Amino acid sequence: MDGEAWLSKVEAAVAPVLASHGLGLVDVEWRREGRRWVLRFFVDKSGGVSVGDCQAFSREAGDVLDVSGLIEPSYDLEVSSPGLDRVLKKDRELVWALGRDVHCWVGEPMDGRTEFSGKLLEVSPGALTLEETVGTRHQIPRRLVTKARLEVVAFGRVKR
């Protein structure tokens, strides 16, 4: 079984725990860090997640995963919020970021620019649509996007 298929099974196993806590899964990682394996969940909910949310999900998800038999090596389970300026790598993360301010970098200049910022309005297989200012929209072809990240907004202004 490939890594993506296995991670999908892990996600499916913990989906009821996520739902019971009103959490949404933003991303999941399985990686070796030093001598240990780490399974890391990034979760969110309306109004943001608290440390208590992460702890409760971690306890219950750990029990579910232990019983499931999906993970053979010993591992550390980590649960956290997605972060204020996280990189958006997967479609699920981009869809989660709809309506939020994002910054995109492109590999080839578009209209003489290689960076775009604005509210993420639409995610399609072919393009990301950003509203830079009211009425000024950019459709950025997905094939050109080299990186996309959330913008940190503090006191009503984007922080860079």
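Small disclaimer: the values here were computed from a predicted structure and weren't measured.

Enquirer: Mind showing me how you'd approach the pattern of salt bridges here?
Expert: A side chain with one charge may pair with a side chain of the opposite charge, provided their charged atoms come close. Under the criterion given, the structure shown has 16 salt bridges. In this structure, Glu29 and Lys89 form a salt bridge, with 3.8 Å as the shortest nitrogen-oxygen distance. Of this pair, Glu29 sits in strand S1 (residues 24–33) while Lys89 sits in the loop between strand S3 (75–80) and helix H3 (91–96), and the two are 60 residues apart along the sequence. In this structure, a network of salt bridges that share partners links the residues Glu29, Arg31, Glu33, Arg40, Glu78 and Lys89.

Enquirer: Explain the nonpolar core here, please?
Expert: Soluble globular proteins tend to bury their nonpolar side chains together. Counting residues in hydrophobic clusters, the biggest one holds 19 residues, and the most contacted among them are Val14, Leu18, Leu39, Phe41, Val43, Phe57 and Leu65. Those residues within four positions of Phe41 in sequence are excluded, and the remaining contacts are Val10, Val14, Leu25, Asp27, Val28, Phe57, Leu65, Leu77, Glu78, Val79 and Ser80. Judged by nonpolar contacts, the second largest core, of 18 residues, contains Phe42, Ala97, Val106 and Leu144.

Enquirer: I keep staring at the pairing of S1 and nothing clicks. Help me out?
Expert: Every other side chain in a regular strand lies on the same face of the sheet, so the side chains alternate between the two faces. Two elements, S1 and strand S2 (residues 36–44), share nine bridges in a ladder whose sense is antiparallel. Residue pairing in the sheet places Gly24 in a bridge with Asp44 of S2. Hairpin geometry of S1 and S2 is characterised by an intervening segment of two residues between the two adjacent antiparallel strands and by a positive phi of about 70° at Gly34.

Enquirer: Which parts of the structure should I look at to understand the pairing of S3?
Expert: One ladder, built from six bridges, connects S2 with S3; its direction is parallel. By the bridge assignment, Trp37 is partnered in S3 with Tyr75. One crossover worth recording links S2 to the parallel S3 by way of helix H2 (residues 51–68), and it is right-handed.

Enquirer: Would you explain unusual backbone geometry in this entry?
Expert: With the exception of glycine, the majority of residues adopt a negative phi angle, and the majority of peptide bonds are in the trans configuration. Unusually for a residue other than glycine, Asp111 sits at a positive phi of about 50°. Looking at where Asp111 falls in the secondary structure, it is placed in the loop between strand S4 (101–110) and strand S5 (113–123).

Enquirer: Would you explain the sheet that holds strand S7 (residues 136–141) in this entry?
Expert: Picture the strands of a sheet paired through backbone hydrogen bonds; they go either parallel or antiparallel. Spatially, S7-S6-S5-S4-S8 is the arrangement adopted by the five strands of the open sheet, whose pairing is antiparallel. Sheet topology places S7 and strand S8 (145–150) at the edges, where each strand pairs with a single neighbour. Averaged over all pairs of adjacent strands, the angle between their axes in this sheet comes to 40°, without regard to strand direction. Sheet topology note: the S4/S8 ladder contains five bridges and is antiparallel. By the bridge assignment for S8, Cys104 is matched with Ala148.

Cut-off values and rules
Residues numbered from 1 in each chain as written. Predicted model: local features only at pLDDT ≥ 70, side-chain atom pairs only at ≥ 80, totals over all residues. Heavy atoms only, no water. Salt bridge = Lys/Arg side-chain N within 4 Å of Asp/Glu carboxyl O. Helix = DSSP H or I, 4+ residues; strand = E, 2+ residues; numbered from the N terminus. Core = buried A, V, L, I, M, F, W, Y, C linked by side-chain atoms within 4.5 Å. Buried < 20%, exposed > 50% of the residue type's maximum accessible area, 1.4 Å probe, protein only. Contact = heavy atoms within 4.5 Å. Pairing = 2+ DSSP bridges. Right-handed = clockwise from strand over helix to strand, strands pointing away. Axes fitted to C-alpha atoms, helices over the stretch in contact; angles between N-to-C directions.

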